[in-house]
Structures are given as C-alpha cells and as structure tokens.
Amino acid sequence: IMKIVSIIPARGGSKGISKKNIVDLNGKPLVYYSIQASLDSNVDDTFVCTDDDEISRESLKYGAKVQMRPSYLTNDIIMPDLTLIYFADKQEFDVLVFIQPTSPLIKPEYINTGIDMMKTGNYDSVFTVTEEHWLPRWDEDINPVDWDIENRPRRQDKQKLFIENGMMYITTRDNLFKTKLRYGGRKGFVKIPLIDSFQVDTEEDLDLIGSLI
C-alpha cells in the first residue's frame, strides 16, 4: 500500500507580511486553507513543518500533525527542498505532497489529480502550473522581448507556455533523496485555473484572495 503524506512548510518569520503564515484571511489563519485542502484529499497524513510555536498550535487546532524544524532551515536564503529532505529523514512515506501555505486557493481535487498521476507509475514527480496567455513583453530599454515589432505574432500562433505557480509539488521518497529537489525524473503537471493560482506575498494579495474565497 502506497503511503502518501503532505508537508506544509510554514516558518514564523516573513518579510512582506508579519507572521504571514497565520495572518487572518476571512477569519482563518492563512495556513488553515492548505491544511483543510490536504485533510479533504486522499493524503494519509497532513504535516505542518514549522519553527514557530504559535503556528504549531494553530496547525494542531485545525487537524494537522506538526514536525518542528531547526532554525537553520528557516531563513530567507534556504530553499524549501532542504526542509523536505529534513522531513523525509524523520517520517516514513512513499509519496510526498509539498503544499505551499501561501496558495490558499488550493483545492482537494488538485491534490487528488496529482496523486492519481503518481499512482499510474508514469511520473516520478508532479507539480502545478498555470497556462500563460502570450502578451508582448518589453525590457526596461523598451525593446521587444522574443518577438518582432514589425511582424507582431498572433497569440494563437505562439507556443503554449505554462508558469510554475508554486502551489504544490509531489514526488516519491526515492526521487527526493536521489535528486535533492522537489521534482525530478519523469515530470508531469497539473493545470490550475488562473483564478485559483494566486499566492499571498503582499497585503494587496490578501485583499484579492479574500474576495475570491
């Protein structure tokens, strides 16, 4: 039987918004939305990995398990991948679902779609993307980027591109230890509608997402 666990890394410090991971969003702390989506999905165990006692208490209150992490994994420079490896050394699982608490519009069905893809055996890792609709881009010197101003392409003639939106990454335990990254090997993606892809980085984001929830 495949054991599937989720990890929601939620450190106490943040620069843009103070205590961002437990900031109030429509009456609930931000981390609540990721926890609830995970609990309502086909994940077996939902963990919040944090260095902060207040985040720990809030996470336990809403039904998550907590894995405390050391302070050296919580600064602005450290990438989340090291936290995933730290967690994997402490917990047993076959598949790890890494959910960002800054993506509160995540839905259980997005998690389940990714899990189902992993269960086919065709993928070593899966991540979420949003389709990018082509628009003319310019650099700061007002030069067109990757298009010709005298031969402006039609949007439908441009190759489809997808933006990694940071909502969720799924990988196997073996692949995580092999690559030391949140994804690697045979990769697939779950397409997320634009309206659910927004992340909380600023107070303005909180207002926008609060109106969507």
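Our structure is the block above this text.
Since the structure is predicted, the reported quantities are computational estimates derived from the model, not experimental observations. (Residues numbered from 1 in each chain as written. Predicted model: local features only at pLDDT ≥ 70, side-chain atom pairs only at ≥ 80, totals over all residues. Heavy atoms only, no water.)

1. Let's talk about the overall build of the protein chain
Tallying secondary structure elements over the protein chain gives six helices and 11 strands in all. Taken over C-alpha atoms, the radius of gyration comes to 18 Å for the protein chain, in line with the 17 Å a tight globule of 213 residues would show. Put simply, the protein chain has 213 residues, and 47% of those count as buried. Residue pairs in contact within the protein chain that sit at least 24 positions apart in sequence constitute 72% of those at least 6 positions apart. Per element, the accessible surface of the protein chain, about 11,400 Å² overall, is 49% carbon and sulfur. (Helix = DSSP H or I, 4+ residues; strand = E, 2+ residues; numbered from the N terminus. Rg over C-alpha atoms; globule rule 2.2 N^0.38 Å. Buried < 20%, exposed > 50% of the residue type's maximum accessible area, 1.4 Å probe, protein only. Contact = heavy atoms within 4.5 Å. Areas by Shrake-Rupley, 256 points an atom, 1.4 Å probe, with all protein chains shown as cover.)

2. With respect to the packing of aromatic side chains
Applying the stated criterion across every chain, the model contains 11 aromatic pairs. Here the aromatic rings of W138 and W147 are separated by 5.3 Å at their centres, their planes lie at 90°, and the arrangement is edge-to-face. Relative accessible area serves as the criterion here: at 41%, W138 is assigned to the partly exposed category. An angle of 65° between the planes, with centres 5.6 Å apart, marks the rings of Y169 and Y183 as edge-to-face. (Phe/Tyr/Trp six-rings, centres within 6.5 Å; stacked < 30°, edge-to-face > 60°.)

3. Focus: unusual backbone geometry
What you tend to see is this: most non-glycine residues have negative phi, and most peptide bonds are trans. Residue N26 is not a glycine yet carries a positive backbone phi of 55°. When you line up the elements, N26 lands in the loop between β2 (24–25) and β3 (28–29). Positive phi, normally seen in glycine, also occurs at D146, with a value near 65°. Following the sequence through the fold, D146 ends up in the loop between β9 (144–145) and β10 (161–172).

4. Thoughts on the side chain of D205
Positionally, D205 belongs in helix α6 (residues 203–212). K20 provides the closest opposite charge to the buried, unpaired D205, separated from it by 7.6 Å. (Lys, Arg positive; Asp, Glu negative; His and termini not counted. Salt bridge = Lys/Arg side-chain N within 4 Å of Asp/Glu carboxyl O.)

5. What to know about the nonpolar core
Soluble globular proteins tend to pack their nonpolar side chains together in the buried interior. Grouped together as the largest cluster of nonpolar side chains are 37 residues, with contacts concentrated most on V48, V97, I111, M168 and I170. Elements supplying a minimum of two residues to this core: β1 (4–9), α1 (30–39), β6 (95–99), α4 (108–119), β10 and α6. Sorting elements by how many residues they give to this core places α1 first, with six residues. In this view, I170 contacts V95, L96, V97, I111, G114, I115, M118, D124, S125, V126 and R182; residues no more than four positions away in its chain are not counted. (Core = buried A, V, L, I, M, F, W, Y, C linked by side-chain atoms within 4.5 Å.)

6. Digging into the pairing of strand β5 (residues 65–68)
The sheet contact formed by strand β4 (residues 45–50) and β5 spans four bridges and is parallel. Bridge assignment links C49 to a residue of β5, and that residue is Q67. Following the chain from β4 across helix α2 (residues 53–61) to the adjacent parallel β5, one finds a crossover that is right-handed. (Pairing = 2+ DSSP bridges. Right-handed = clockwise from strand over helix to strand, strands pointing away.)

7. Regarding a nonpolar patch on the surface
A cluster of nonpolar residues, W138, I142 and I149, forms a patch on the protein surface that exposes about 350 Å² of accessible area. Under the relative-accessibility criterion, I149 is labelled exposed at 54%. (Patch = residues over 30% accessible without salt bridge, like charges linked within 9 Å, V, L, I, M, F, W, Y side chains within 5 Å.)

8. Here we look at the environment of K65
Relative to the assigned elements, K65 resides in strand β5. For K65 and T46, which are 19 residues apart along the polypeptide, the C-alpha to C-alpha distance reads 6.0 Å. Of note is the side chain of K65, whose polar atom sits 3.0 Å from the side chain of D45. (Polar contact = N/O pair within 3.5 Å; in protein donor to acceptor, adjacent residues only side chain to side chain.)

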